[in-house]
Structures are given as C-alpha cells and as structure tokens.
Amino acid sequence: MFDCALCSLVEELIPKETKVGFRMAKEEPQSISKDLQELQKKLSLLIESIQTNSKVVAFMTSPVGQYLDRHPFLALTLLMFIAMSAVPVGFFLLLVVLTSLAAFVGVILLEGLVISVGGLSLLCILCGLAFVSLAMSGTITVSYMVVSSLISYWFSPSSLAQQNPGGNCRLSMKSTDFEGLYQE
C-alpha cells in the first residue's frame, strides 16, 4: 500500500526529461514557490496516509511510541540503527544455523568457537553501526534544520516585504544582476 504511493510520488517528482543548459537559471521564483507548495501537499498526503495506518496508530499509542514521539532524535537514531544492522544480524543468524547443522555432524567444539567469534564480531559491528547511525542522525537533523530555515527565509513573503518596503524583491534583483552571466 505504501510502496505504491511512494512509487507514484517518486515518479511524479523525477522529471522524465531534464532541461540541460542555463535556461533554468531564468525561471521565475513564483514557479519555484508553486512547485514547493505542490511538493509539500504531496508529502503531507503521504505522511497523513502513514499516520492513519492502524498499525502505526497502535504503535504510537503504546508507551514506547509515545516516548519516541517526544524524542524524535532518538527515534531517528533507532530507525537508522535498525536499518543498518539488519544485514549483519541476518548473516549472524545464517552462521548460527549453518554451524548448528555442522554440530549435528559432530563438530561441537568448532560450533562453540565459531559462535563465540561470530558473537564478538557482531558486537563490534553493532557498536560501530550505533556510532554511525548516531552520527548520520545528527547530520540529517542539522541538515534538515538548516535547509528548512533557509527555505523559510528565502521564500517567506513577509520577510521580503519587511526587508524591502519599497516593493523591490531581492530575488528579482539577484536574477537581474546575474542575467548577463547566463547568456551565450
């Protein structure tokens, strides 16, 4: 259900033909603003469909869901850790099953050694992944805050009106200043 909605959103957002050249620099800021509003509308519909899913609602009403709702950085870190640790844990479980099969053949000492070494290796890998997921979550959070504040600063009509009471738009002034650079 979510895969189809996500696929259609991605197909609509990625243009089939990309404009190459310097013509894109001359686009009006209004069309960018309309595109951002359309993107915001589509993303809000996707988020709403996820939030109204019965399994998501049941999880969010649990104590763990409420705690993660109050601590979004921890939730993002936990999500990154779970996603990145799936492959090493899968390999470890495969190793356990294969060595258990070998134990039936009569290699009991080897099984204990391999599972011990594999367990220590898994512990080291998961500790490293926890650090990497923490760092990636921090980077994503800081990037989100910077980009959202820049977008709200650049495209808020109230800030443009306060900065230029005469009605001259900074964006239009900047595009006219650089207009000669993009002409062939």
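Residues numbered from 1 in each chain as written. Predicted model: local features only at pLDDT ≥ 70, side-chain atom pairs only at ≥ 80, totals over all residues. Heavy atoms only, no water.

## Side note on helix α5 (residues 72-105)
Because an α-helix packs 3.6 residues into every turn, residues spaced three or four apart end up facing the same way. With 34 residues, α5 ought to run about 50 Å at 1.5 Å a step, and its terminal C-alpha atoms sit 49 Å apart, in line with that. At alanine 86, α5 shows its strongest bend, of approximately 40°, with the proline proline 88 following within four residues. Those residues of α5 that fall on the buried side of the exposure criterion are Thr77, Met80, Ser85, Pro88, Phe92, Thr99 and Ala103. (Helix = DSSP H or I, 4+ residues; strand = E, 2+ residues; numbered from the N terminus. Expected span 1.5 Å × (residues − 1). Bend = angle between axes of the 7 residues up to and from the residue. Buried < 20%, exposed > 50% of the residue type's maximum accessible area, 1.4 Å probe, protein only.)

## Section: the packing of helix α3 (residues 54-61) against helix α4 (residues 63-70)
One can describe the packing of α3 onto α4 by two numbers: an axis separation of 4 Å at closest approach and a directional angle of 85°. As judged from the angle between their axes, α3 and α4 are roughly perpendicular. Residues Phe59, Met60 and Thr61 of α3 form the contact with α4, whose participating residues are Pro63, Val64, Gly65, Gln66, Leu68 and Asp69. Among the residues forming the contact of α3 with α4, the class breakdown is five nonpolar, three polar and one charged. (Axes fitted to C-alpha atoms, helices over the stretch in contact; angles between N-to-C directions. Parallel < 35°, antiparallel > 145°, perpendicular 65-115°, else oblique. Contact = heavy atoms within 4.5 Å. Nonpolar A, V, L, I, M, F, W, Y, C, P; charged D, E, K, R; others polar.)

## Considering a nonpolar patch on the surface
Nonpolar side chains collect at one region of the surface, where Val87, Phe91, Leu94, Val97, Leu98, Leu101 and Phe104 lie side by side and expose about 780 Å² of accessible area between them. If you trace the backbone, phenylalanine 104 turns up in helix α5. (Patch = residues over 30% accessible without salt bridge, like charges linked within 9 Å, V, L, I, M, F, W, Y side chains within 5 Å. Areas by Shrake-Rupley, 256 points an atom, 1.4 Å probe, with all protein chains shown as cover. Salt bridge = Lys/Arg side-chain N within 4 Å of Asp/Glu carboxyl O.)

## Examining the layout of surface pockets
Considering only enclosed or pocket space, the largest pocket measures out at about 1,500 Å³ in volume. Residue lining of the largest pocket: 30 residues in total, with Leu43, Ile47, Gln51, Pro72 and Tyr144 positioned closest to the centre. Among the elements that line the lining of the largest pocket, the one with the most residues is helix α2 (residues 29-51), at eleven residues. Each residue belonging to the lining of the largest pocket can be placed in one class, and the counts come to 22 nonpolar, seven polar and one charged. (1 Å grid on protein atoms, 1.4 Å probe; cavity = no way out; pocket = protein on both sides within 12 Å on 5 of 7 lines; lining within 4 Å. Points joined across faces, edges and corners; volume = space filled by probe spheres on them.)

## Section: the packing of α4 against α5
Where α4 meets α5, the axes come as close as 5 Å, and the angle between the chain directions of the two elements is 110°. Taken together, the axes of α4 and α5 lie roughly perpendicular to each other. Of the residues in α5, those touching α4 at Tyr67, Leu68, Asp69 and Arg70 are Pro72, Leu74, Ala75 and Leu78. The residue inventory of the contact of α4 with α5, partitioned by class, reads six nonpolar, no polar and two charged.

## What about the state of the cysteines?
Each disulfide consists of a covalent bond between the sulfur atoms of two cysteine residues. Tallied over the full model, the rule gives zero disulfides. Here cysteine 124 is not disulfide-linked; the sulfur of cysteine 127 is the nearest cysteine sulfur, at 6.7 Å. (Disulfide = S-S within 2.5 Å.)

## A few points about the side chain of threonine 99
Mapped onto the secondary structure, threonine 99 falls in helix α5. With relative accessibility at 11%, the residue threonine 99 sits in the buried group. Leave out the neighbours within four places in its chain, and threonine 99 touches Glu111, Val114 and Ile115.

## Observations regarding the pattern of salt bridges
Under the definition given, this model contains one salt bridge. Lysine 42 is the salt-bridge partner of glutamate 38, the closest N and O atoms lying 3.2 Å from each other. With glutamate 38 and lysine 42 both in helix α2 and four residues apart, the pair spans about one turn of that helix.

Bear in mind that shape data such as this cannot, by itself, settle questions of function.
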